[in-house]
Amino acid sequence: MNRTEQDVMTHAQPLIEEMGYKLIEVEYVKEGPDYYLRLYLDKKGGITLEDCAQASEVLSEKLDEWDIVKGGYFLDVSSPGAERPIKDDDDLEMTLNQGIYVKTYQQIDGNKEWTGILKDYDSDTVTIDYREKTRTKTVTIGRDRIATIRKAVIL
């Protein structure tokens, strides 16, 4: 994360939390001749277009006050995506009883990948209900064994 991104994250995070959202990531990038400041937000149940519009309006005004970003840029406030990586316990909490994908470094009971419903988690494990053919099974995976963990869309 570059200095501008860190400064925006530091200033914006309390404001975003006050609005009931979680600030997932900040990007400040140059694309062609233009600069873009992107803030990715989420909340339990998912972020909506209206949420992004409301946050964008508030952030636009505050960013002008804070004067962190020098020069012109386009502000983009959006969702991080339906299948974004899970970064911390807050993300796990928001994902409880929703779709999750987990890939491990080594096989557990013959599998390295699961897509299912996050049923529980603690500081050491995550527990997932998943389908294997016609049966629902449960697996508890040590967090130290997880290579990839992200939200998943389950139809």
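All values derive from a computational prediction rather than experimental measurement.

Caption draft 1: Looking closely at unusual backbone geometry. Located in the positive-phi region is D67, a residue other than glycine, with phi close to 50 degrees. Along the chain, the position of D67 falls in the loop between α2 (49–66) and β3 (74–78). Using a relative accessible area of 46% as the deciding quantity, one classes D67 as partly exposed. The backbone phi angle of N97 is positive, close to 65 degrees, even though this residue is not glycine. With respect to the secondary-structure elements, N97 resides in the loop between α3 (89–95) and β4 (99–108).

Caption draft 2: Highlighting the pairing of strand β7 (residues 135–142). When strand β6 (residues 125–132) meets β7, the two strands line up antiparallel, connected through 8 bridges. Residue pairing for β7: V126 is matched across the bridge by I141. From the end of β6 to the start of β7, which pair antiparallel, there are 2 residues, and K133 there has a positive phi angle of about 60 degrees.

Caption draft 3: Structural view of the sheet that holds β3. Strand order in the open sheet made by the 3 strands is β1-β2-β3, with mixed pairing throughout. Since the sheet does not close on itself, it has two edges, and those belong to β1 (22–31) and β3, each with one partner. Shown here is a sheet whose adjacent strand axes are inclined to one another by a mean of 15 degrees, direction ignored. On top of the sheet, α2 reaches β2 (34–42) and β3; it is set at about 145 degrees to β3, its chief contact.

Caption draft 4: Spatial organisation of the environment of T148. Checked against the element boundaries, T148 lands in strand β8 (residues 146–151). Using a relative accessible area of 34% as the deciding quantity, one classes T148 as partly exposed. Residues T148 and D89 lie 59 residues apart in sequence; the distance between their C-alpha atoms is 15 Å. With residues near it in sequence (within four places) discarded, T148 still touches Y101, V102 and K103.

What counts, and where the lines are drawn
- Residues numbered from 1 in each chain as written.
- Predicted model: local features only at pLDDT ≥ 70, side-chain atom pairs only at ≥ 80, totals over all residues.
- Heavy atoms only, no water.
- Helix = DSSP H or I, 4+ residues; strand = E, 2+ residues; numbered from the N terminus.
- Buried < 20%, exposed > 50% of the residue type's maximum accessible area, 1.4 Å probe, protein only.
- Pairing = 2+ DSSP bridges.
- Axes fitted to C-alpha atoms, helices over the stretch in contact; angles between N-to-C directions.
- Contact = heavy atoms within 4.5 Å.

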